[in-house]
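# Commentary on secondary and tertiary structure
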Amino acid sequence: MSLTWTTPVWMWPLLLVLAAGAVIWTIRVYGRTRPGPPPSLGRMLVALRVSALLLLVVALAGPVLSRFFQDQRPAVLAVVMEDSASMGLNDGGWRGESPAEGPSRWQAALNLTARIDSSLNARDWAGQTIYLRGNGLDPLRRFSPADPVVTDPEALGTDLNHMMAQTGDFLAAEPVRALMLLTDGQETRLGPGRALGSRAQRWGDATVLSVLGVGDPQGAADRLIRDLRYPETVYAGDEAVVELSLTHRFLTEKISDPVTVRLKEGGRVLADTTLVPEGITSRLELPFQAETEGLRLLTVEVSPLDNERFLANNKVSLAVNVRRGRSQVLLLAPRPGWDTRFLAQAALAESRIDLTVVRRGPEGLVFADSLKAWTPPVSRSDWARWDGVVLMGWQDLATQVDWTQLARAVEDGLGLMVMPEPGPVLQREIPVPPEELSAMLPVTFTRLRWLDDGFVATAVAEGRGHPVLRGMAAPEETPAGGMAGSRGTILEELPPLRRILEVQDKPEAMPLLVGRGTSRAGETSNLPLLTLGNQGQGRVIWYGGRRLWEQVFWRPGTTGDDQVGTGQAGERLLRNILVWLAAGQQESGLVFSGRRPFYQEGETITLSAQWRDMRGQPVLDRRPSLVLKSQPAGTEGEPLPVERTFALEAVTGQPGLTQVTLPALPPGHYALQLVGPGDPPVTGSEESLVVTAYSVEETQVRQDSRLLSQMALRMGGTYHSLSDSGTLEQVLQDLSAVDWSPEMRERRQRWDFWSGWPFFVLVVILLGAEWYLRRRHGLL
């Protein structure tokens, strides 16, 4: 024990002067007190105050009382067990038992550690054992085989290198003398990729490292499905193909029996095939018809080998999102021309669009592809079979189309595009549309007259971020956000329009393109060329130019990328118009970002969402929540009785993007819905989530002894397999050579009297006693 002072030496004279001054001042104060206290009381009062003041002076000097002593820490045997689901497989047959009787890999590892503990305790072992479990992707957890409940491994994925790096961090302050890793050696996913390092870097050269392999190192004959490929999204009515590889492992003889492979949905077989494998791996395809819309959970099953031990990898689940069939767009072109031809070509380039062309035949309107008679819809429900309608003129349709029913269908959500009919070049004025059609258009007019000054298609500044103009920005000025630059669009490099109709935009309309021209008198005019409007829930597009096909066909220049880029931009404009006509603008609201509809059992689910306002800008002042609930009524599976809500957190550096990580979910169907605060609350569409019982961990049917031996070599340790009869004896022999003497540490105990509560209590007691005696004897 030693006493030290923290005050510099040069301050000691000042402290002595301060102490002497405190004593003299106290004596003088009580010497002048009237009435004076009795001599005995006066000495007591002076002693109390002087003691308190001297304690304060001593506190300024900073005394520190130190005591040094030695502490013993028992040596540590660290046992690290892989905590992935493959460790729960039951492959006891490699030890002579049947698979039903033998222990799982996890239980075999626990049995080995129990025998090691028993042997060490019998030798009066002075160390302690620390048990850790992990898979390298999640944090390590400490446990004990003596715990009331030791859960079976169920994590998905393994990264052994990172797990050992985590172990080094976890045991950095422990006196580790021996470390054992028990694993089947099967790595399924790479984690953060931290380097393993050498034994000396992590635990020191004195540490004994043992890598113990669990499971059958040879592997029983096994048939499994690998390299599964399938379209995650298909359209209703299309044929989809599931491709897969049928692989055989650890065989001792050639396969002669046929193999049956089936694609099933519930109890219904969608496709099946039978083959006799000619080699180790066979590639095959299973085509099926996508009929019902929605998220469909399918299963691929393959018949097992005779006496095959592992059957879980003979079945694979997959989820296919069957979307509504392609958007149906009707093009009414009584007098088809080049505009009709290029619109049809643009629709062919869009997998989401199915365009039907109706033209005039000898006996009325007919389908252009089959020449069969087309019957005009007579009700709003008849028009509802289409997602969008393009009118190439209206003069020749006045008697065939019921404009009132068409207007009602547009109000219900039908998209409508209106273009003037290509008439004679010398025709200066065309008839106005019927009253019902004119009321839906986003432009107004008293008459429709062609102007011939020559107009250049120019993007309106307020509409350059609209989806219809996406991809129209000048290449050298395209900003990161994908909106048009200050120059406008590359449509301005195209030839001028020969004619444009003289109309005016309605106040509520959204102009996207105007025809900019100069009259012979030198006046500049901007006439509406491409204008969007809403009619109820429907979308209405007005194009008032002549010969739209020239904007797509013409290629400026003779060589270089400009020739290709501008031509593609003109075609892109037509494609954007058709897509927006059929599907509309879906930029606002709550939507998931890059969400997978299909997860494996035990897999961590991370979901991202975006909340955008009606202009497509991110909402930053509010955050949505995620509601996880049962699948909607009418679907397979039992509904879950409880709904759970998870808060989404903002993603740094990405405005408007929020994220949440869900815990591992058991197999089944779930429904996801985004909900934002508000009155009433803002809700997103309900989407499906499927968690399948299949796991890649179930394909790990043997111990990877090669990987484990290489790992032990890199770490400077030894590799043993539990399948070898002498493994336990060899491990005990290695542990018996370890120095298990406790680690001696010198520790220091420091006591700062003045910085704790006892010092302040003592000062308060002294001053309080002085005050009490003064009051007790009537002193002021």
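Above this text is the structure in question.
The structure presented is a predicted model; accordingly, all values stated were derived computationally and were not measured.

### Examining the pattern of salt bridges
Side chains carrying opposite charge are able to pair once their charged atoms draw close together. With the rule as written, the count across this model stands at 19 salt bridges. Between Arg73 and Glu743 there is a salt bridge, with the nearest N and O atoms lying 3.3 Å from each other. Placement of the pair is Arg73 in strand S2 (residues 63–73) and Glu743 in strand S41 (residues 743–751), with a sequence separation of 670 residues. The class of Arg73 is buried, set by a relative accessible area of 15%. Asp222 is the partner of Arg249 in a salt bridge, and the nearest nitrogen-oxygen pair spans 3.1 Å. Pair noted here: Arg249 is in strand S10 (residues 239–249) and Asp222 is in strand S8 (residues 222–229), with a separation of 27 residues, a long-range link. One exposure class covers both Arg249 and Asp222, and it is buried. Where salt bridges share partners, they join Arg73, Glu174 and Glu743 into one cluster.

### As for the sheet that holds strand S16 (residues 327–332)
Strands sit in the order S18-S17-S16-S19-S20-S29-S28-S27-S24 across an open sheet of 9 strands; the sheet is mixed. Either end of the sheet is taken by a strand with one partner, and the two such strands are strand S18 (364–367) and strand S24 (456–459). Between one strand axis and the next, the sheet turns through 20 degrees on average, direction left out of account. Here 5 bridges tie strand S19 (residues 388–392) to strand S20 (residues 415–419), and the two strands are oriented parallel to one another. Residue Met392 lies in a different strand from S20, and its bridge partner there is Met419. Contacts between helix H6 (residues 338–348) and the sheet are confined to S16, strand S17 (353–361), S19 and S20, with S17 contributing the most and set at about 160 degrees to the helix. Of the strands in this sheet, S19, S20, strand S28 (524–535) and strand S29 (538–543) touch helix H8 (residues 403–411), which is tilted by about 115 degrees from S29.

### Quick look at the sheet that holds strand S9 (residues 233–235)
Strand order in the open sheet made by the 5 strands is S9-S15-S14-S11-S12, with mixed pairing throughout. Two strands in the sheet have a free side with no partner beyond their single neighbour: S9 and strand S12 (268–275). For this sheet, the mean inter-axis angle between neighbouring strands, taken without regard to orientation, is 25 degrees. Examined bridge by bridge, S9 and strand S15 (residues 315–323) share 3 bridges and lie parallel to one another. Across the sheet, residue Tyr235 finds its bridge partner in S15, namely Arg323.

### Re helix H2 (residues 39–61)
Between its terminal C-alpha atoms H2 stretches 33 Å, which fits the 33 Å expected from 23 residues at 1.5 Å a residue. The set of residues buried in H2 consists of Leu41, Gly42, Leu45, Val46, Leu48, Arg49, Val50, Ala52, Leu55, Val57, Ala59 and Ala61. Phi for Gly62, located one or two positions after H2, is positive at around 70 degrees.

### Structural notes on the environment of Val418
On the secondary structure map, Val418 appears in strand S20. The exposure class assigned to Val418 is buried, which follows from its relative accessible area of 0%. Each C-alpha atom of the pair Val418 and Met392 lies 6.5 Å from the other, and the pair is 26 residues apart in sequence. Other than its neighbours up to four places away in sequence, Val418 contacts Leu391, Trp394, Leu437, Leu441, Ile541, Trp542 and Tyr543.

Quick notes on the rules
- Per chain, residue numbering runs from 1 following the sequence as it is written.
- Only residues with pLDDT of at least 70 are given local features in this predicted model, and only at 80 or more are side-chain atom pairs given and counted; all residues enter the totals for whole chains, interfaces and linings.
- Hydrogens are left out, water is left out, and the side-chain values use all remaining heavy atoms of the structure.
- Salt bridges are identified by distance alone: a Lys or Arg side-chain nitrogen within 4 Å of an Asp or Glu carboxyl oxygen.
- Strands are runs of DSSP state E lasting at least two residues, helices are runs of H or I lasting at least four, and both sets are numbered from the N terminus onward.
- Only protein chains enter the area calculation, which uses a 1.4 Å probe; residues under 20% of their type maximum are buried, those over 50% are exposed, and those in between are partly exposed.
- A pair of strands is labelled paired if DSSP reports no fewer than 2 bridges between them.
- Axes here refer to lines fitted to C-alpha atoms; in helices the fit is confined to the stretch in contact. Angles between the N-to-C directions go from 0 to 180 degrees.
- Contacts are assigned to residue pairs that have any heavy atoms within 4.5 Å of one another.
- Each helix should span, by expectation, one fewer than its residue count multiplied by 1.5 Å.

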